[in-house]
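Listed below, chain by chain, are the residues.
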Amino acid sequence: MRTEIENIVDDIKQAISLLRRHLDWDQAVRRLDWLNNKAEDPTLWNDAGEAQKLMRERQNLDDAISGVRALETQMRDSIELIELGEEEGDTDIVKDAEAALKTLSAEAARRQVEAMLSGEADSNDTYLEVHSGAGGTESQDWANMLLRMYTRWAERQGFKVELMEIHDGEEAGIKSATLLVKGQNAYGWLKTESGVHRLVRISPYDSNARRHTSFSSIWVYPVVDDSIQIDINESDCRIDTYRSSGAGGQHVNTTDSAVRITHIPSGIVVQCQQERSQHKNRAKAWDMLRARLYEAELKKREEAANAEAASKTEIGWGHQIRSYVLQPYQLVKDLRTGVESTAPSDVLDGALNPFMEAALAHRVAGGADAVVDDIA
């Protein structure tokens, strides 16, 4: 085999070894056997909540083990094909097998990233909020671009996206919006996206064609599983109703169907205008509040665990994580990991995985010092 292909095979073998170690392979196989036997027990569904929990664990474990075994099988098959092709002088077989190994290497890398998604809520669905910063129309247009970017990313991942609420800008763009992203590991993938995102471009709203810098923030928090108890004292909350904004039909825009809940002790505010019914919007807003409080608790635990780490990274409003430059040159740069792309149009169309994968690895490794923002 060529040196390049030998290196690819070594990378795949290393990835498989890491995945096996992460799973604690022998223990994982025994656990899956036990879960498969448990699934045949007719008494399992006497406790529906516990049964659903075990079936989710079974599915996740089965996917992980089957994935590793598939990597091993495909790697062996491709190596055998290359050896056979080289013996028979069939270059077409060799090229096809080498291409298969390159594809397999990308799949192994993806599975390594997914192995990092083992946090308490990583497998959950997630809410993603977009908020425009100071700057009026410029930042509101930027917030709308971010909303589209994350919607496109989720669609590429095969996730389902629901728009929970949106507040349009006065002239263009949006002031804020909330997405519900549904899919396996949705929160795990998106959790490192919380923070301030900066855009540098020639403004389409400036008749003098000057360069503008705009800021908008992203906030990500997991949907709370029914098995997780979050106690909220209703007397600590203020509930407001208002008319929905944007498209939605005559009924939506002429009745106070949208609901906003403010949790006074924490200052957390959630709002929902997705449904026509105020009652349904209220129920969903309570779910969102529970999710925000749960995310705050997860963040507290993470901060406590990293209290002694000198390189602990804060997230949220006021901490810029990524810059997107459209003019005078083309560059997207993550300020935590140093990952760059010279194709902002692709990134803004949802090509975010390289940034997310690097940020996840950065977090797992403990978070090195942020890189210098040298973007003008």
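Described in the following lines is the structure provided in the data block. (Residues numbered from 1 in each chain as written. Predicted model: local features only at pLDDT ≥ 70, side-chain atom pairs only at ≥ 80, totals over all residues. Heavy atoms only, no water.)

All right, on to the overall build of the protein then. What the protein contains, in helices and strands, is ten helices and eleven strands. The burial tally for the protein puts 43% of its 376 residues in the buried class. When contacts within the protein are restricted to residue pairs at least 6 apart in sequence, those whose partners lie at least 24 apart make up 65%. (Helix = DSSP H or I, 4+ residues; strand = E, 2+ residues; numbered from the N terminus. Buried < 20%, exposed > 50% of the residue type's maximum accessible area, 1.4 Å probe, protein only. Contact = heavy atoms within 4.5 Å.)

This part covers the nonpolar core. Counting 57 residues, the largest nonpolar core has Tyr150 and Tyr324 as its most contacted members. Excluding residues that lie within four positions of it along the chain, Tyr324 makes contacts with Trp142, Leu146, Met149, His197, Arg198, Leu199, Val200, Leu331, Val332, Val347 and Leu348. Among the nonpolar cores identified, the runner-up in size contains 28 residues, and Trp25, Ala51, Val68 and Leu104 belong to it. (Core = buried A, V, L, I, M, F, W, Y, C linked by side-chain atoms within 4.5 Å.)

Before going further, it helps to examine the packing of aromatic side chains. Following the criterion strictly, the structure yields four aromatic pairs and no others. With a centroid separation of 5.2 Å and an interplanar angle of 35°, the aromatic rings of Tyr127 and Tyr221 are classed as tilted. Here Tyr221 lies in strand β5 (residues 211–222) and Tyr127 lies in strand β1 (residues 126–132), a separation of 94 residues in the sequence. Per residue, the accessibility class of Tyr127 equals that of Tyr221, and both read buried. (Phe/Tyr/Trp six-rings, centres within 6.5 Å; stacked < 30°, edge-to-face > 60°.)

With that settled, consider the layout of surface pockets. Considered as a void within the structure, the largest pocket measures approximately 1,600 Å³ in volume. Taken together, 46 residues line the largest pocket, and the ones lying closest to its centre are Asn60, Leu117, Ser123, Gln184 and Asn185. Residue assignment for the lining of the largest pocket shows that the elements contributing at least two residues are α1 (3–23), α3 (48–88), α4 (91–115) and α8 (278–305). Considering every element that reaches the lining of the largest pocket, the biggest residue donor is α3, with nine residues. Of the residues assigned to the lining of the largest pocket, the class counts are 17 nonpolar, 13 polar and 16 charged. (1 Å grid on protein atoms, 1.4 Å probe; cavity = no way out; pocket = protein on both sides within 12 Å on 5 of 7 lines; lining within 4 Å. Points joined across faces, edges and corners; volume = space filled by probe spheres on them. Nonpolar A, V, L, I, M, F, W, Y, C, P; charged D, E, K, R; others polar.)

Structurally, Asp125 is set in the loop between α4 and β1. For the pair formed by Asp125 and Gly188, sequence separation is 63 residues and the distance between their alpha carbons is 8.9 Å. If near-sequence neighbours (up to four positions away) are discounted, Asp125 is found in contact with Val181, Lys182, Gly183, Ala186, Tyr187, Pro222 and Val223. Reaching out from Asp125, the side chain makes a polar contact with the backbone nitrogen of Gly183 at a distance of 3.0 Å. (Polar contact = N/O pair within 3.5 Å; in protein donor to acceptor, adjacent residues only side chain to side chain.)

The strands making up a sheet associate through hydrogen bonds between their backbones, and the pairing can be parallel or antiparallel. What the eight strands build is an open sheet, ordered β2-β3-β1-β5-β4-β9-β10-β11; its pairing is mixed. Two strands lie at the open edges of the sheet, namely β2 (160–168) and β11 (340–341), each paired on one side alone. In this structure, β1 lies alongside strand β3 (residues 174–182), joined through six bridges in antiparallel fashion. Residue pairing for β3: Leu128 is matched across the bridge by Leu179. With respect to the sheet, helix α5 (residues 137–156) is in contact with β1, β2, β3, β4 (195–202), β5 and β9 (320–325), its orientation differing from that of β5 by roughly 45°. (Pairing = 2+ DSSP bridges. Axes fitted to C-alpha atoms, helices over the stretch in contact; angles between N-to-C directions.)

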